[in-house]
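Reading the structure
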Amino acid sequence: MTDAPILSIRKLTKRFGGLVAVDGMNLDVRAGEVVALLGDNGAGKTTLIKCVSGVHAATSGRILLDGEPVAFTRPIEARRKGIETIYQDLALASNLDVAANIFLGREKENRLLGGLIRPLDEAWMQAESEKALDTLDVHIPTLRTPIENLSGGQRQAVAIARAVYWDARLMIMDEPTNNLGVPEQKKVLDLIRKLRDRAVPVILISHTLPEVFAVADRIVVMRRGRKVAEKTVGATSSEEVVQYMVGALDDSEALAATASSGC
């Protein structure tokens, strides 16, 4: 893990009319680390990642990628810069097969008759998709299978393989084990570890604290749009995290002071 952050968020605020959804958020994410972003419903977690991934424009503040300021107006702009986001619904096309989903919107075409005819190069995309899955040690019997016929864990694997194939600089995962059985939850956690081993940083949103403590390096807790805690996993406990989530503990003033001093 290097010292220079891949992603830096500085004093980011997002308002919807009179509602402050994110309030002066500061966050650094470095290569090869898993940062868990925790908080109760309405804490601002999803709004924050939507600002990073181009769904929402921040009201104020800055986002830096590899030290350079970025301002995305659409998710495709964030993806072109290597920010891949996997939401609970995965954003997969259920009627298409594995390869079609990995190359969705970025299909490989053959150019015939001087480019007049451009059929899809399905064989090439199938082979490349298989390589992408192999790098994560994921095995799906046939890549021709429609996504709707895959298990929840296999669907997550396809979404992660797509991000890895397109050289993700940062992976954002919103409740990736939601509605999965225990064996498939373990598979997804293994995939997160493999991303970390490949130096791909992960921002993980989850309500399942045992999973967080199993894979995260650092925990950031939000409450009412503000960062109220930032701890390494070894320096906190599930009980303490819950106290921050419900407001019994609050480090927001100290964290803001530290950020303002440039520490």
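For every chain, the first residue of the written sequence is number 1, and numbering continues from 1 onward in sequence order. Restriction of local features to residues with pLDDT of at least 70 applies here, the model being predicted, together with a cutoff of 80 or more for giving and counting side-chain atom pairs; totals for whole chains, interfaces and linings are based on all residues. Hydrogen atoms and water are omitted, and side-chain values are computed over all heavy atoms in the structure.

1. Comments concerning the nonpolar core
Cut-off, in case you're wondering: Each nonpolar core is a collection of buried residues, namely Ala, Val, Leu, Ile, Met, Phe, Trp, Tyr and Cys, held together in the definition by side-chain atoms within 4.5 Å. The rule is simple: take the accessible area with a 1.4 Å probe, protein chains only, and divide by the maximum for that residue type; under 20% is buried, over 50% is exposed, in between is partly exposed. Secondary structure elements are defined from DSSP: runs of H or I of at least 4 residues count as helices, runs of E of at least 2 residues count as strands, and each element is numbered from the N terminus. Whether two residues are in contact is decided by their heavy atoms: any pair within 4.5 Å suffices.
Counting 48 residues, the largest nonpolar core has Val98, Ile160, Met171, Ile192 and Val221 as its most contacted members. Here this core gets 7 residues from one element, more than from any other, and that element is helix H5 (residues 152–165). With sequence-adjacent residues up to four places away left out, Ile160 is seen in contact with Ile86, Leu136, Met171, Met173, Leu191 and Leu195. In terms of nonpolar packing, the next biggest core, distinct from the first, is built from 29 residues, Leu12, Met25, Ala31 and Cys51 among them.

2. A short note on the sheet that holds strand S1 (residues 5–16)
Applied cut-off: Paired strands, as defined in this entry, are two strands with at least two bridges between them according to DSSP. In this analysis an axis means a line fitted to C-alpha atoms, helices contributing only their contacting stretch, and an angle means the value between N-to-C directions, from 0 to 180 degrees.
Spatial ordering of the open sheet is given by S2-S1-S4-S5, a layout of 4 strands whose pairing is antiparallel. Strands at the two margins of the open sheet, each flanked by one partner only, are strand S2 (19–30) and strand S5 (68–70). Mean inter-strand twist for the sheet, computed between neighbouring axes without regard to direction, equals 25°. Lying on the sheet, helix H1 (residues 45–52) is in contact with S1, S2 and strand S4 (60–65); it crosses S1 at an angle near 115°.

3. Section: the packing of H5 against helix H6 (residues 182–197)
Which entries qualify depends on this criterion: An angle below 35 degrees is treated as roughly parallel, one above 145 as roughly antiparallel, one from 65 to 115 as roughly perpendicular, and anything else as oblique. Handedness of a crossing is defined here by the sense of rotation of the near helix relative to the far one, left-handed for an anticlockwise turn of less than a right angle and right-handed for a clockwise turn. Residue polarity is assigned by list, with Asp, Glu, Lys and Arg as charged and Ala, Val, Leu, Ile, Met, Phe, Trp, Tyr, Cys and Pro as nonpolar; anything else, Gly included, falls into the polar class.
Running from amino to carboxyl end, H5 crosses H6 at an angle of 15°, the nearest separation of the two axes being 9 Å. On the basis of their axis angle, the class for H5 and H6 is roughly parallel. Considering the relative orientation of H5 and H6, their crossing is right-handed. Here H5 contributes Gly152, Gly153, Gln154, Gln156, Ala157, Ile160 and Val164 to the contact with H6, which in turn contributes Glu184, Val188, Leu191 and Leu195. Within the contact of H5 with H6, the residues separate by chemical class into 6 nonpolar, 4 polar and 1 charged.

4. Concerning the packing of aromatic side chains
The geometry of an aromatic ring pair is captured by the separation of the ring centres together with the interplanar angle, meaning the angle of the planes. Note the following rule: Classification of ring pairs rests on two measures: the distance between centres of Phe, Tyr or Trp rings, Trp counted by its six-membered ring, which must be within 6.5 Å, and the angle between planes, read as stacked under 30 degrees, edge-to-face over 60 and tilted in between.
Tallied over the entire structure, the rule returns 4 aromatic pairs. Where Phe103 meets Tyr165, the ring centres are 5.1 Å apart and the plane angle is 65°; that geometry is what we call edge-to-face. One end of the pair, Phe103, is in the loop between helix H3 (98–102) and helix H4 (122–135); the other, Tyr165, is in helix H5, with 62 residues separating them in the sequence. Summarising the aromatic geometry, the rings of Tyr165 and Trp166 are spaced 5.1 Å apart at their centres and angled 85° between planes, so their arrangement reads as edge-to-face. Taken together, the aromatic side chains of Phe103, Trp124, Tyr165 and Trp166 make up a single cluster linked through ring pairs.

5. Structural notes on H5
Spelled out, the test is: Helices are assigned an expected span. That span is 1.5 Å times one less than the residue count.
When the terminal C-alpha atoms of H5 are compared, their 20 Å separation across 14 residues agrees well with the 20 Å that a helix rising 1.5 Å per residue should span. Burial runs high along H5: 10 of the 14 residues are buried. Within the sequence span of H5, burial applies to Gly153, Gln156, Ala157, Val158, Ala159, Ile160, Ala161, Arg162, Ala163 and Val164. Packing partners of the buried residues in H5 comprise helix H2 (75–80), strand S6 (83–86), H3, H4, strand S7 (170–174) and H6. Once H5 finishes, Asp167 follows within two positions and takes phi at roughly 60°, a positive value.

6. What to know about the pairing of S1
Bridging between S1 and S2 involves 8 bridges; their strand directions are antiparallel. By the bridge assignment for S2, Arg15 is matched with Val20. Counted between consecutive antiparallel strands, the loop separating S1 from S2 contains 2 residues, among which Gly17 sits at a positive phi close to 65°. Of the strand pairs in this sheet, S1 and S4 are connected by 5 bridges, and their pairing is antiparallel. The partner of Ser8 across the bridge, within S4, is Leu64.

7. Some thoughts on the packing of H4 against H5
Their axes nearest at 9 Å, the elements H4 and H5 cross at an angle of 100°. Considered as vectors, H4 and H5 are oriented roughly perpendicular to each other. For the pair H4 and H5, contact is made by Trp124, Glu128, Ala132, Leu133 and Thr135 and by Ala157, Ala161, Val164 and Tyr165, respectively. For the contact of H4 with H5, a count of residues per class yields 7 nonpolar, 1 polar and 1 charged.

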